[in-house]
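# Observations on the model geometry
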Amino acid sequence: MQTYSDLEYLKLSKWNKFLYKIASFFVSIPVAIKNGFLTIGRFFKNAAIDVKEEFRDIGSTFKNGDVNTRISFFVMGYGSIRRGQVLRGIMFLLMELVFIFYMVVSGGYWLSMLPSLGKTGPTTSYDAILDTYVPTYNDNSFKILLYGVLTLFFIIAFLYTWRLNVKQNKIAQEYLAKGKKLKSGKDDIRSLVDEQFYKTLLALPLTGILIFTVMPIVFMILVAFTNYDGAHDGYINNLFTWVGTTNFGQLLNWTSGSQNYSATFGEVLTWTLIWAFFATFTNYFLGMFVAMMINKKGIKFKKVWRTILVLTIAIPQFISLLYVSKMFAKNGILNGLLMDLGWITKALPFWEDPTWARITVIIINIWIGIPYLMLITTGILMNIPADLYESARIDGANPWQQYTKITLPYMLFITGPYLLTSFIGNMNNFNVIYLLTGGGPTNSAASTAAGSVGYTDLLVTWLFKITTGAEAQYYLASVVGIMVFVVAAVISLVVYGIMPSTKNEEDYQ
């Protein structure tokens, strides 16, 4: 691609400038992806260096440490207690005792069963009293995987606490060698409510994030490497086991027949990206246009227009979308009205024809999304300096030039991150698609082994179908979830690296 200097770029025609910007965008994508992989590589390289330094520091601490420090390697908190930091030492010792107790009572069992995910599945035995065969449930693969992951997290937490204990002993020994006074228990408590109060505030949220966000994500990723489904639920029917990367090969390998998951995934992903693009940018520009019209001088009843638009937000989508779905049905109000007026002779296939269905959901989503964007952009438009427009009018700029040179660049700078998050959010917009069409109409050419895939199904609604029904292919849903994350992460990294909000921040300061 030919590059231009600033002077050469200014000499280009508007059309050539537009083409140059488009070409520059697509050329920057491989560079951004390359830089992303390089960043990941540097992260792992730096992580390896940090781990090496940690081990070196641990060895040095044990070698140069006194008796109290060395004993603390095995009895956590011993050195702190011996040096008068009783509260700190008791906390370290309590952590070690709880860890040992948990590992002996149950943690060791869950960890030992994790490689197999269970050895004895459900069995049946004859009950002479009931005169029938009754099931006996033994190992539970689901619980083994769940508590195994929990045990691994607990081990990581213990190792972190143990390392912190070693560091505290090293620091305390150095302080005493320099004749400095160590902090007492009262000093530690006072510190937690004063200069280190942020740690106290963040402790509970971070714990919640680890338990309710990070652990489920790790669990979901591990499920992708098992055969967990309706036939192998891990307890009532059969145990599920590790299958390695077989599920990824099943999804990504191009095979013929009804089991062609790769073609289905590609088709659903393509529609998901098309939907996310139109759902994001139609709402964005039309919402901005509505906000500009309402804010325009001379427009009366501004509050009334805003209130009417906001009513679509006030009504729950579960009610409004189901109602709109019935309105556009083959025997719905809209088709009935058009036929009564004589405008059509047969019902329009809003939900029966794939193209009609896709266009209809995009249009209905505009009705839902415009009020949000109208509210967001109204505040931003009011903050654009009025003297910019006045100067532009004096220089002879028409309304379109004012919009493209002042309003739009300012809006893109402020709302760039929102546009990115909105795009990713629309990729996972379950409500609009499922409540309007349920993913239909059914795509008979798609894989019949992974739910009844429809032409309007997004990846997220496909996931829902995969995990429901008799088959309940949780392993496949997990693989698809991972692929959605990869696609969303790549898009986020590429777009975030080229958006004006991060590249030209100084231009709007």
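Relevant structure appears above.
Residues numbered from 1 in each chain as written. Predicted model: local features only at pLDDT ≥ 70, side-chain atom pairs only at ≥ 80, totals over all residues. Heavy atoms only, no water.

### Regarding the pairing of strand 2 (residues 132–136)
Counted only if it meets this: Strands pair, by our definition, only if DSSP identifies at least two bridges between them. Numbered from the N terminus, helices here are DSSP runs of H or I no shorter than four residues, and strands are runs of E no shorter than two.
Note that strand 1 (residues 123–127) and strand 2 share five bridges and pair antiparallel. Bridge pairing links Asp127 to Thr132 in strand 2.

### Some details on the packing of helix 12 (residues 317–327) against helix 14 (residues 354–382)
Here is the rule: Axes here refer to lines fitted to C-alpha atoms; in helices the fit is confined to the stretch in contact. Angles between the N-to-C directions go from 0 to 180 degrees. Here roughly perpendicular refers to angles of 65 to 115 degrees, roughly parallel to angles under 35, roughly antiparallel to angles over 145, and oblique to all remaining angles. Each crossing is labelled by how the near helix is turned from the far one, with a counterclockwise turn of less than a right angle marking it left-handed and a clockwise turn marking it right-handed. Contact definition: two residues touch when any of their heavy atoms are within 4.5 Å. Gly is put with the polar residues, along with every residue not named as nonpolar or charged; the nonpolar set is Ala, Val, Leu, Ile, Met, Phe, Trp, Tyr, Cys and Pro, and the charged set is Asp, Glu, Lys and Arg.
Put simply, helix 12 and helix 14 touch, their axes get as near as 12 Å, and they point 150° apart. By the angle between their axes, helix 12 is roughly antiparallel relative to helix 14. In the crossing of helix 12 with helix 14, the sense of the turn from one axis to the other is right-handed. Here Gln317, Ser320, Leu321 and Val324 of helix 12 lie close against helix 14, whose contacting residues are Ile364, Trp367 and Ile368. Classifying every residue of the contact of helix 12 with helix 14 by side-chain character gives five nonpolar, two polar and no charged.

### Here's the deal with helix 14
Inclusion rule: What a helix is expected to span follows from its residue count: subtract one and scale by 1.5 Å. Consider a residue and the seven residues that end there alongside the seven that start there; fitting an axis to each set, the bend is the angle between those axes. A 3.5 Å cut-off defines polar contacts: any pair of N or O atoms within that distance qualifies, except that in protein one atom must be a possible hydrogen donor and the other a possible acceptor, and neighbouring residues in sequence count only when both atoms are side-chain atoms.
Relative to the 42 Å expected for 29 residues at 1.5 Å per residue, helix 14 spans 41 Å between its end C-alpha atoms, a close match to the ideal helical length. Along helix 14, the helix axis deviates most sharply at Gly369, where the bend reaches about 35°; the proline Pro371 sits within four residues downstream. Between the side-chain oxygen of the N-cap and the backbone nitrogen of Thr355 there are 3.1 Å, and the N-cap of helix 14 in question is Asp353.

### So, the nonpolar core
Going by this rule: Nonpolar cores were defined as sets of buried Ala, Val, Leu, Ile, Met, Phe, Trp, Tyr and Cys residues, with membership established by side-chain atoms within 4.5 Å. For the exposure calls, accessible area comes from a 1.4 Å probe over protein chains only, and a residue counts as buried if that area is under 20% of its type's maximum, exposed if over 50%, partly exposed in between.
With 28 residues, the main nonpolar core has Leu251, Phe265, Met427, Leu459, Trp462 and Val480 as its most contacted residues. At the level of elements, helix 9 (246–252), helix 10 (261–295), helix 16 (399–427), helix 18 (459–466) and helix 19 (474–498) are the ones that each hand at least two residues to this core. At eleven residues, helix 19 tops the list of elements feeding residues into this core. Those residues in contact with Val480 that lie beyond four places of it in its chain are Leu251, Phe265, Leu459, Trp462, Leu463 and Ile466. In this structure, Phe73, Met95, Met113 and Phe240 belong to the second largest nonpolar core, which totals 23 residues.

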